[in-house]
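For reference, the chains in residue letters:
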Amino acid sequence: MIQIPVTICQLADGHFFNEEHQLKEEPIGIFDSGVGGLTVAHAIKQILPGESIIYFGDTAHLPYGDKSAESIKQYSRKITEFLLEHNAKVVLVACNSASASAFDTLKKEFDGRTILIDVIDPVVDYLSTRDFDTIGVIGTKRTISSGTYENKLKKRMPKAKVVSLATPLLVPMIEEGFIFDDISNAIIRAYLSDPTLKSIQALILGCTHYPIIKNQISKIFNFNIEIVDSSRIVAETLRDTLENNNLLNRGRKGKDQFFISDYTAYFEKIARMFFEGEINLRKADIWS
Ligand code: DGL
């Protein structure tokens, strides 16, 4: 296919990109601390099959949920630089802990260089179109202690009651491969039978790892409440953003690329589960 060179590409939000090639054909940058963001990446591939992705799993610093906001900002900044160096056309922060602690900083620091999307605002937008009285949020210690979901939901839905619960064991449990067994069921039950979550009508999975155990979570509530899984909601927001900025890829599709900062066999296993077959997984030591 003939590449149409464009020297300057203007985005709908007024920003300019100075590129020698078609920005549209470049990959979507996505990052998380580990496998969690793959749930979002998977939803993106279903909704936008014409797009390629470049994924960074910061397995060397996992879990983010136990780290300080300062550390998460530092990791997120460096990963965003890495994704942009690899020509990502937008950057999706597919991690709630990073969205809660680092997104505002990233937006300021990368203003004019790229479009950033987080995983919290699209969920808040979605819920504001629904009529729930009581909403629960589960997430990492970092996400829950930041109060980000509660504050943003309260602004948009002042009448709704929002209750939140940190469920810190779920990420290491998933990253260690305890997913559909007695151990995972016992941990999930122990957390979710907390009285805080009594009488909720919807539960936000405020961590991108949690969609992997969505069915077990749903089962604890007898499939009676709405489990709000951000992956599809965020993928739809991404589609709208690409469309509005004339960045949807209608040309040549590149190869998906997966980077991790430390090798874990489990990452590879889960990535293969989501993306079937061979995946192009490489270790990138961006910290030295
Ligand atoms: N998947 C991430 C999140 O959404 C990170 C979890 C972690 O590393 O603690 O918060």
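Residues numbered from 1 in each chain as written. Predicted model: local features only at pLDDT ≥ 70, side-chain atom pairs only at ≥ 80, totals over all residues. Heavy atoms only, no water.

**Student:** Could you give me a rundown of the packing of helix H2 (residues 69–85) against helix H3 (residues 96–109), with the residues and numbers involved?
**Tutor:** For any two helices packed against each other, the geometry comes down to the angle between their axes and how far apart the axes lie. Two numbers describe how H2 lies on H3: the axes approach to 9 Å, and their chain directions differ by 55°. What the angle tells us is that H2 and H3 run oblique. As for the relative orientation of H2 and H3, their crossing is right-handed in sense. From H2, Ala69, Ile72, Lys73, Ser76, Arg77 and Thr80 reach across to H3, where they touch Ser97, Ala98, Ser101, Ala102, Thr105, Leu106 and Glu109. Of the residues assigned to the contact of H2 with H3, the class counts are five nonpolar, five polar and three charged. (Axes fitted to C-alpha atoms, helices over the stretch in contact; angles between N-to-C directions. Helix = DSSP H or I, 4+ residues; strand = E, 2+ residues; numbered from the N terminus. Parallel < 35°, antiparallel > 145°, perpendicular 65-115°, else oblique. Left-handed = near helix turned anticlockwise from the far one by under 90°. Contact = heavy atoms within 4.5 Å. Nonpolar A, V, L, I, M, F, W, Y, C, P; charged D, E, K, R; others polar.)

**Student:** Quick one: what's the story with the packing of helix H1 (residues 37–47) against helix H10 (residues 230–244), residue by residue and with numbers?
**Tutor:** At a minimum axis distance of 8 Å, the contact between H1 and H10 shows a crossing angle of 55°. Considering the angle they form, H1 stands oblique to H10. Where H1 crosses over H10, the handedness of that crossing is right-handed. Between H1 and H10, the residues in contact are Thr39, Val40, Ala43, Ile44, Gln46 and Ile47 and Ser231, Arg232, Val234, Ala235, Glu236, Leu238 and Arg239, respectively. When the residues that make up the contact of H1 with H10 are grouped by side-chain class, the tally is seven nonpolar, three polar and three charged.

**Student:** Pulling in residues and values, what's your account of the site of the ligand?
**Tutor:** Close to the ligand lie 14 residues, the nearest being Ser33, Tyr64, Asn96, Ser97 and His209. Tyr64 places a polar main-chain atom, nitrogen or oxygen, 2.7 Å from an oxygen atom of the ligand. Side-chain polar atom of Thr208 to a nitrogen atom of the ligand: 2.9 Å apart, as the coordinates give it. Residues that form the shell around the ligand fall into these classes: six nonpolar, seven polar and one charged. (Near = heavy atom within 4 Å. Polar contact = N/O pair within 3.5 Å; in protein donor to acceptor, adjacent residues only side chain to side chain.)

**Student:** Residue-level account of the environment of Tyr263, with values.
**Tutor:** Relative to the assigned elements, Tyr263 resides in the loop between strand S11 (257–260) and helix H11 (265–275). If sequence neighbours within four positions are ignored, Tyr263 has contacts with Glu268, Leu281 and Lys283. Within polar-contact distance, the side chain of Tyr263 engages the side chain of Glu268 at 2.4 Å.

**Student:** Which residues make up the sheet that holds strand S9 (residues 202–206), and what values do they have?
**Tutor:** One open sheet holds the four strands; their spatial order is S8-S7-S9-S10, and the pairing between them is parallel. At either end of the open sheet lies a strand with only one pairing partner, and these are strand S8 (161–166) and strand S10 (226–228). Strand-to-strand twist across the sheet, computed as the mean angle between neighbouring axes with direction ignored, equals 20°. Here strand S7 (residues 134–139) pairs with S9 via five bridges, running parallel. (Pairing = 2+ DSSP bridges.)

**Student:** Which residues make up the pairing of strand S4 (residues 53–57), and what values go with them?
**Tutor:** In terms of residue burial, S4 counts as a mostly covered element, since five of its five residues are buried. Because side chains alternate across S4, one face comprises the buried residues Ile53, Tyr55 and Gly57, and the other comprises Ile54 and Phe56, equally buried. Note that strand S3 (residues 28–32) and S4 share five bridges and pair parallel. By the bridge assignment, Ile30 is partnered in S4 with Tyr55. For the crossover from S3 across H1 to S4, the handedness is right-handed. Both S4 and S11 contribute to a ladder of four bridges, which runs parallel. From the neighbouring strand, Tyr55 faces S11, where its bridge partner is Phe258. (Buried < 20%, exposed > 50% of the residue type's maximum accessible area, 1.4 Å probe, protein only. Right-handed = clockwise from strand over helix to strand, strands pointing away.)

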